[in-house]
Amino acid sequence: MPADEYPLDAPIVRRFVAEVTRAIAASGSAEEACEAIRPTFAELLADATWLPPRFREPHPESGMGGGIGQWLLYRAVDRSLSLFSLVVPSGSETPVHDHLAWGLVGLYRGTQDEEIFAERGGRLELVERRELQPGDFYALIPPTDDIHRVRTTSAETSVSIHLLTNDTGCVWRHAYEPESGAKRPFRSGYVNVPCDEASAPD
């Protein structure tokens, strides 16, 4: 029988996933679930011991470019939930992209600048820019706050932890050209787990 995947099979990850799953089941909305998960997520970000070095490594053949590594840590069998680390080398930045899922994103190591965009009148508008320090985290709840770009500002590689309600690395999302607002199909992939061969949408 198919089962949930734990590429990082550690007791702390299993406990975290169990608590998150219970919180989601008991919540009536994405906002309520995110609020319920916040204390558990904060504890995970504050623990310096649980994420092995291999899951903090950049990747030269990244689907995001810039040597950015996306490492799957957990994925639900029905692809309704995933936990992964995103590793961004110093000075590198992600493309402007969406997620098509709600959840929490937090900074584990390094520092980042985040730019948040909104689609308005067929164009992208920069609506917020913020500096992130280790332990900072925020909710992504489409359609607001779902389009962003992050850049590592520290001399060390930054590592962020993402908990999102889809199989983020393998679903087809969108990357945006910030000047024109044009968007294209985008799939970031994972370093350590393959995606199926589903073709990009038209």
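Residues numbered from 1 in each chain as written. Predicted model: local features only at pLDDT ≥ 70, side-chain atom pairs only at ≥ 80, totals over all residues. Heavy atoms only, no water.

**Structural notes on the packing of aromatic side chains**
We describe a pair of aromatic rings using the distance from one ring centre to the other and the angle between the two ring planes. All chains considered together, the criterion is met by 6 aromatic pairs. On the numbers, 6.2 Å between centres and 65° between planes, the contact of F84 with Y190 is edge-to-face. In this pair, F84 is assigned in strand β2 (residues 82–88) and Y190 in the segment after β11 (183–186), connecting sequence segments 106 residues apart. By relative accessible area, F84 is classed as buried at 2%. Given a relative accessible area of 9%, Y190 falls into the buried group. Three or more aromatic residues link up through ring pairs in this structure, and these residues are F16, F41 and F137. The ring of Y138 carries the charged tip of R130 above its face, separated from the ring centre by 4.6 Å. (Phe/Tyr/Trp six-rings, centres within 6.5 Å; stacked < 30°, edge-to-face > 60°. Helix = DSSP H or I, 4+ residues; strand = E, 2+ residues; numbered from the N terminus. Buried < 20%, exposed > 50% of the residue type's maximum accessible area, 1.4 Å probe, protein only. Lys NZ or Arg CZ within 6 Å of the ring centre and 35° of its normal.)

**Here we look at the nonpolar core**
V13, F41, W50, L51 and I161 are the most contacted members of the largest nonpolar core, which totals 32 residues. Sorting the residues of this core by element identifies α1 (11–26), α2 (30–46), β1 (69–75), β2, β4 (103–109) and β9 (158–164) as the ones contributing at least two each. Apart from the residues within four sequence positions on either side, L51 is in contact with L8, R56, L73, S85, Y108, V159 and I161. (Core = buried A, V, L, I, M, F, W, Y, C linked by side-chain atoms within 4.5 Å. Contact = heavy atoms within 4.5 Å.)

**Examining the pattern of salt bridges**
Close approach of charged atoms allows side chains of opposite charge to pair. The final tally for this structure, using the stated rule, is 14 salt bridges. Across the pair R149 and E115 runs a salt bridge, and its minimum N-O distance is 2.8 Å. Of this pair, R149 sits in strand β8 (residues 147–152) while E115 sits in strand β5 (residues 112–120), placing them 34 residues apart in sequence. By the burial criterion, R149 is buried, and E115 matches it. It is possible to trace a salt-bridge network through shared partners that takes in E5, R75, R79 and D167. (Salt bridge = Lys/Arg side-chain N within 4 Å of Asp/Glu carboxyl O.)

**What about α2?**
A rise of 1.5 Å per residue sets the reference length of α2, with its 17 residues, at 24 Å; its end C-alpha atoms lie 23 Å apart and thus fit the reference within 8%. The principal kink in α2, of about 45°, is found at R38, preceding the proline P39 by one to four residues. On its buried face, α2 is in contact with α1, β4, β7 (137–140) and β9. (Expected span 1.5 Å × (residues − 1). Bend = angle between axes of the 7 residues up to and from the residue.)

**A few points about the side chain of Q70**
Note on placement: Q70 falls in strand β1. Among the polar contacts listed, one links the side chain of Q70 to the side chain of S188, at a separation of 2.9 Å. (Polar contact = N/O pair within 3.5 Å; in protein donor to acceptor, adjacent residues only side chain to side chain.)

**Re the state of the cysteines**
For the coordinates displayed, the defined rule picks out 1 disulfide. A sulfur-sulfur separation of 2.0 Å characterises the disulfide bridge that pairs C170 with C195. On the sign convention where negative is left-handed, the bridge of C170 and C195, at about -85° about the S-S bond, is left-handed. Taken as a pair, C170 in the loop between β9 and β10 (173–176) and C195 in the segment after β11 lie far apart in primary sequence, 25 residues in all. Accessibility expressed as a relative area gives 12% for C170, which makes it buried. (Disulfide = S-S within 2.5 Å.)

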